[in-house]
Amino acid sequence: MSQIAIGIAFLGAAMAAFMAGIGSAVGIGIAGRSATGVLTEKPERYGQLFLQVVLPGTQGFYGFVIAFFAMGKISDFIASAAGLGISDALAVFSACLPIAFAGLLSAIHQGKTCAAGILMTAKRPEMAVKAGVLYAAMVEVYAVLGFLISLLILLAIEVPAAA
Amino acid sequence: MPQVKLRQSILEFSTYPPVGDDDWRYAFATARVRALETQMLPRATFQDMANAQSFENALDMLSAGQYAVPKGAAGFADIEEVLLQRRAEVRELFASLMIDESIVELFKSRDDFANLRLALRRALTDKPVGADYSPSGNVAPEVLEQAFAEENYAVLPGYVRRAAEAATINYYQDKDVRRIDYEIDRLQALHNIDEARRLGSIFLDGLFRTQVDLTNIRTLLRLKFTESEQIDVFLDGGFLEPAFYKHGLDLGYEAIGNLFFATPYQHLVEVGAGYLASNKSFLKTEGQCDRHLIGLLKSTAQITAGPQPIIAYLLMKEHEIRTIRLVLTAKKNSLDTRLILDRIA
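Residues numbered from 1 in each chain as written. Chains lettered and ligands numbered in written order. Predicted model: local features only at pLDDT ≥ 70, side-chain atom pairs only at ≥ 80, totals over all residues. Heavy atoms only, no water.

Asks: Explain the overall build of chain A here, please?
Replies: Secondary structure assignment for chain A yields five helices and zero strands. Rg of the C-alpha trace for chain A: 19 Å, well past the compact-globule value of 15 Å for 163 residues, more than 25% over. Overall, chain A is about 65 × 20 × 20 Å in size when its C-alpha atoms are taken along their principal axes. In chain A, which comprises 163 residues, the share counted as buried stands at 45%. Pairs at least 24 residues apart make up 88% of the contacts formed inside chain A by residues separated by at least 6 positions. Per element, the accessible surface of chain A, about 7600 Å² overall, is 76% carbon and sulfur. (Helix = DSSP H or I, 4+ residues; strand = E, 2+ residues; numbered from the N terminus. Rg over C-alpha atoms; globule rule 2.2 N^0.38 Å. Buried < 20%, exposed > 50% of the residue type's maximum accessible area, 1.4 Å probe, protein only. Contact = heavy atoms within 4.5 Å. Areas by Shrake-Rupley, 256 points an atom, 1.4 Å probe, with all protein chains shown as cover.)

Have a look at this one:
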């Protein structure tokens, strides 16, 4: 039973890392392709575009941090007197879900928003931060909310004293 | 390409037909044309060229950009060479950025129809077929020449062969060369719309149907002005049926605009018909039609990634080149500035 529980808990940690990571990779891919298109004709815009290309990458880091915390929690449970029960494993798994899904979807949509901002920057560079970055940052808010909820749930899970 | 609802009606949009959805395979290409769009000549440049004191002054306004004519070569042949070079470059860029090869072939077919029109006119009026055909089509000029020389049309693609056969039959009805043009225009419009639907592109469908409507509006005003009896020349496939335009032939210039009340074309028809009635000229009609089409192409700005902005760039760039040629030709022939301003969209 404990092996299944460990599996469920690690699955949660893995989902937090790879789903948010996939989202970031897709998002950066979209924004990056748009940026290279603009840079082909206007290489002087590199600095203005850089921030918009890397913004969708933050979700991957949020997922990584949550996965790291979750693994710490799993280790604490395994080392505890009671070990890791199914209910504890499900709690860790559930804690990882907000950033896994919020990270995946928000990073892809943020990449699209950044791509639109990059196209606007090609024509109106003065709007790069005002609209390009700011609108993309609004998408980021929902990734941050997912990250915070994941973190708060993980912190709320109490681990019994060590054996 | 995503599955989209084609066969939209004119009541489903306000000014321009919908341009469709994003296609993220085109993120790089779209960004590149957005950057290139910033190098296009603004409307003010054309107005300044039209207002220039002389042809040389108008030409000077192009000297700093991509249309600069090499120093010491200011003859019109040199200018034409630069314009053709720029057009070839933009078509090459279009072909390199477009992932869907079928769309490139569709736009290349414009040259096939133009070449066919020329070859048929010559062949049916017993003139030499010649060798001055555009090399930018899907059919190489030498293949076209060979097909006409040997009267073996099997080597031509289906759409060219069908157009050649239909135009030849149409010509022999009363041996009027204009019938060749009418038939090729009709088949070209249908070919474009059919291809757009086969490709599932709501943007191309709307674009080609709008082009058909604009051609029909021009035809309506021309037939009305010349009081021609030939009313079976309206093209099929547009948002408005040919019967709609035939009805317009019975109305006065002042009432034609109202006929288009429920369509996006009311303003352009009103302006064009009013100008035609007062000045006996189609300049405003042409200008307004160009302006409407450019408006549709500019509405692709809402697409972040997709073939639509690349197609729009190709067509806007070709329009820019045509406008430069038009203004410079007008200045060279010392045409009235007001007429040039009335014409440019």
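Asks: Teacher, can you tell me more about the overall build of chain B here?
Replies: Secondary structure summary: chain B contains 15 helices and zero strands in total. Its C-alpha atoms give chain B a radius of gyration of 21 Å, near enough to 20 Å, the size a compact globule of 345 residues would have. Projected onto its principal axes, the C-alpha positions of chain B cover 50 × 50 × 45 Å. Across the 345 residues in chain B, those meeting the buried criterion constitute 53%. Of the contacts made within chain B by residues no fewer than 6 positions apart, 70% connect residues no fewer than 24 positions apart. Accessible surface, chain B as shown: approximately 15800 Å² in total, 50% of it carbon and sulfur. For chain B, the distance from the average site of its 40 positive side-chain charges to the average site of its 48 negative ones is 3 Å. (Lys, Arg positive; Asp, Glu negative; His and termini not counted. Charge placed at Lys NZ, Arg CZ, Asp CG, Glu CD.)

Asks: When you look at the domain arrangement of chain B in this model, what are you seeing that I'm missing?
Replies: You'll often see interface size given as the accessible area lost when the parts meet. Residues and elements named next belong to chain B. Domain boundaries in chain B define domain 1 (3-100 + 200-344) and domain 2 (102-198). A C-alpha centroid distance of 23 Å is found between domain 1 and domain 2. The partner domain 2 presents 20 residues to the 26 residues of domain 1 that form the contact. Carbon and sulfur atoms make up 63% of the surface buried where domain 1 meets domain 2, a total of about 2000 Å² over both sides. Taken as a group, Asp-100, Phe-208 and Gln-230 account for 25% of the area that domain 1 buries against domain 2, more than any other trio of residues on that side. Listed by contribution, the elements that provide at least two residues to the side of domain 1 that touches domain 2 are helix 4 (76-97), helix 9 (202-226) and helix 14 (307-332). Looking at the side of domain 1 that touches domain 2, its residues break down into 14 nonpolar, four polar and eight charged. (Domains from an automatic or database assignment. Buried area = accessible area lost by both parts, 1.4 Å probe. Nonpolar A, V, L, I, M, F, W, Y, C, P; charged D, E, K, R; others polar.)

Asks: Sorry, what's going on with the interface of chain B and chain A here?
Replies: With 15 residues of chain B at the interface, the matching set in chain A holds 15 residues. Together chain B and chain A conceal approximately 1300 Å² of surface at their shared face, both sides included; 68% is due to carbon and sulfur atoms. If you sort the residues of chain B by the area they bury against chain A, Trp-24, Phe-28 and Thr-304 of chain B come out on top, with a joint share of 38%. Taken together, chain B and chain A are joined by two salt bridges. A salt bridge links Arg-32 of chain B to Glu-41 of chain A, with the shortest nitrogen-to-oxygen separation between them at 2.7 Å. Connecting chain B to chain A are four residue pairs in polar contact (both at pLDDT 80 or more). Class assignment for the residues of the side of chain B that touches chain A results in seven nonpolar, four polar and four charged. (Salt bridge = Lys/Arg side-chain N within 4 Å of Asp/Glu carboxyl O. Polar contact = N/O pair within 3.5 Å; in protein donor to acceptor, adjacent residues only side chain to side chain.)

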